[in-house]
Amino acid sequence: MIENLKIDHSNGILILTISRKEALNALNLKTLSGLISILQDTYQNTDVKGVIMTGDGDKAFVAGADIKELSSLTREQALAFAKNGQRLFKLIEDCPKPVIAAVNGYALGAGCELAMACHIRIASEEAKFGQPEVNLGIIPGYGGTQRLPQLVGRGKALELMMTGDMISAQEAKSIGLVNQVVPKGELMNVAGKMMSRILSKGPIAVANVIKSVNAGFNFELGGYEAEAENFAICTTTDDFKEGTNAFVEKRQPQFKGE
């Protein structure tokens, strides 16, 4: 087991569980580093045919980035922080092997962005989705401003990112954010069956489906670069300090636009 990650490999399927239950599986730098290492290996490992990603415990898939870690970053560090996460999620998105997100609970902020980077999203009935970064005075920094509009359309994406609203699994399915919603106890079984169906097809064809679809959303167009830059700018503001302090202190933030 890599720190904060559980790995189970059988029948060609790698089940990757993010395991920081005390922090609702929030992504910190160590977890990101471990995920990058595993994904890089997955590209080359012929024993791995597909990946299912999920969260440990009953409450969360990934509840976001680690706020305490994020709150202490300088602008330059925040830019590197965003680009590091974008790099990981691009590895997932471009993986030539199918990657399914089995969303077992809260998928908020970086967790929603992680799910969106996967090729298919299957959610339990209790799952919740959202991009609540504006509540902290920042924006999504791991590709959320780019992938959410691709999945749900510009208008709905802007609504979700500007309000920070959290939505149910059922609403997420209705707007195209997730593929299926299933009872909690059936989540991993349904994800496993879906993966087995995909793995019964031609692997070269599957890899080229992924490659061809991704070609329609060119990573080099500048949206991700702009997102990382604007994310870093937001971390230099008084609003960001107020947002993170309010989060830690469990109170409503008082933003001043400074």
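This text follows the structure it describes.
Residues numbered from 1 in each chain as written. Predicted model: local features only at pLDDT ≥ 70, side-chain atom pairs only at ≥ 80, totals over all residues. Heavy atoms only, no water.

> Is there a simple way to explain the side chain of Arg121 in this structure?
Position of Arg121 relative to the elements: it lies in strand E7 (residues 120-124). Lacking a salt bridge, the buried Arg121 has Glu93 as its closest oppositely charged neighbour, with an N-O distance of 7.9 Å. Within the local environment of Arg121, its side chain forms a polar contact with the backbone oxygen of Ala115, the two atoms lying 3.0 Å apart. Of the polar contacts made by the side chain of Arg121, one reaches the backbone oxygen of Cys118; its length is 2.7 Å. (Helix = DSSP H or I, 4+ residues; strand = E, 2+ residues; numbered from the N terminus. Buried < 20%, exposed > 50% of the residue type's maximum accessible area, 1.4 Å probe, protein only. Lys, Arg positive; Asp, Glu negative; His and termini not counted. Salt bridge = Lys/Arg side-chain N within 4 Å of Asp/Glu carboxyl O. Polar contact = N/O pair within 3.5 Å; in protein donor to acceptor, adjacent residues only side chain to side chain.)

> Sorry, what's going on with unusual backbone geometry here?
Outside of glycine, negative phi angles account for most residues, and trans bonds account for most peptide bonds. Even without glycine at this site, Asn11 takes up a positive phi of about 55°. Positive phi, close to 60°, is recorded for Lys250, a residue that is not glycine. By the element assignment, Lys250 lies in the segment after helix H11 (238-249). Classification of Lys250 by relative accessible area gives exposed; the value is 77%.

> I'm lost on the pattern of salt bridges in this one. Help?
A pair can form between side chains of opposite charge whenever their charged atoms are brought close. Applying the stated criterion across every chain, the model contains 11 salt bridges. With a shortest N-O distance of 4.0 Å, Glu22 and Arg20 are connected by a salt bridge. Given a relative accessible area of 66%, Glu22 falls into the exposed group. With a relative accessible area of 10%, Arg20 lands in the buried category. A salt bridge links Lys90 to Glu93, with the shortest nitrogen-to-oxygen separation between them at 3.3 Å.

> How should the state of the cysteines be read in this particular structure?
Disulfide: a covalent bond connecting the sulfur atoms of a pair of cysteines. This structure, assessed with the given rule, holds zero disulfides. Looking at the unpaired Cys118, the closest cysteine sulfur is the one in Cys95, lying at 9.8 Å. Unpaired in terms of disulfides, Cys234 finds its nearest cysteine sulfur in Cys112, a separation of 18 Å. (Disulfide = S-S within 2.5 Å.)

> It is not clear to me how the pairing of strand E2 (residues 13-18) should be interpreted in this structure. Could you clarify?
Put simply, side chains in a regular strand alternate between the two faces of the sheet. Counted residue by residue, E2 has five buried out of six residues, so it is predominantly covered. Bridge count for strand E1 (residues 5-10) against E2 is six bridges, and the pairing is antiparallel. Paired with His9 across the two strands is Leu14, which belongs to E2. Taken together, E1 and the strand that follows it, E2, pair antiparallel across an intervening segment of two residues, in which Asn11 is found at a positive phi of about 55°. Of the pairings in the sheet, the one linking E2 to strand E3 (residues 50-55) comprises six bridges and is parallel in character. (Pairing = 2+ DSSP bridges.)

> What am I meant to see in the sheet that holds strand E4 (residues 60-62) here?
The strands making up a sheet are joined through hydrogen bonds of the backbone, oriented either antiparallel or parallel. Across the sheet, four strands lie side by side as E4-E6-E8-E9; this open sheet has mixed pairing. The open sheet terminates on both sides in strands that have one partner only, identified here as E4 and strand E9 (166-168). Across the sheet, the axes of successive neighbouring strands diverge by a mean angle of 20°, strand direction being ignored. Here two bridges tie E4 to strand E6 (residues 106-108), and the two strands are oriented parallel to one another. Note that in E6 the partner of Ala60 across the bridge is Tyr106. Set on the sheet, helix H4 (residues 110-117) makes contact with E4, E6 and strand E8 (128-130); between it and E4 the angle comes to about 75°. (Axes fitted to C-alpha atoms, helices over the stretch in contact; angles between N-to-C directions. Contact = heavy atoms within 4.5 Å.)

> For this particular structure, what's the right way to read the packing of aromatic side chains?
The geometry of an aromatic ring pair comes down to the distance between the two centres and the angle between the two planes. Inspection of every chain in the model, using the stated rule, returns three aromatic pairs. Aromatic side chains Phe89 and Tyr142 sit 5.4 Å apart centroid to centroid with 85° between the ring planes, which places their arrangement in the edge-to-face category. Remark: Tyr142 occurs in the loop between E8 and helix H5 (144-152) and Phe89 occurs in helix H3 (residues 75-94); sequence separation between them is 53 residues. Looking at Tyr142, the relative accessible area reads 3%, which means it is buried. (Phe/Tyr/Trp six-rings, centres within 6.5 Å; stacked < 30°, edge-to-face > 60°.)

So, to be careful, I would describe these as geometric facts and stop short of saying anything about function.
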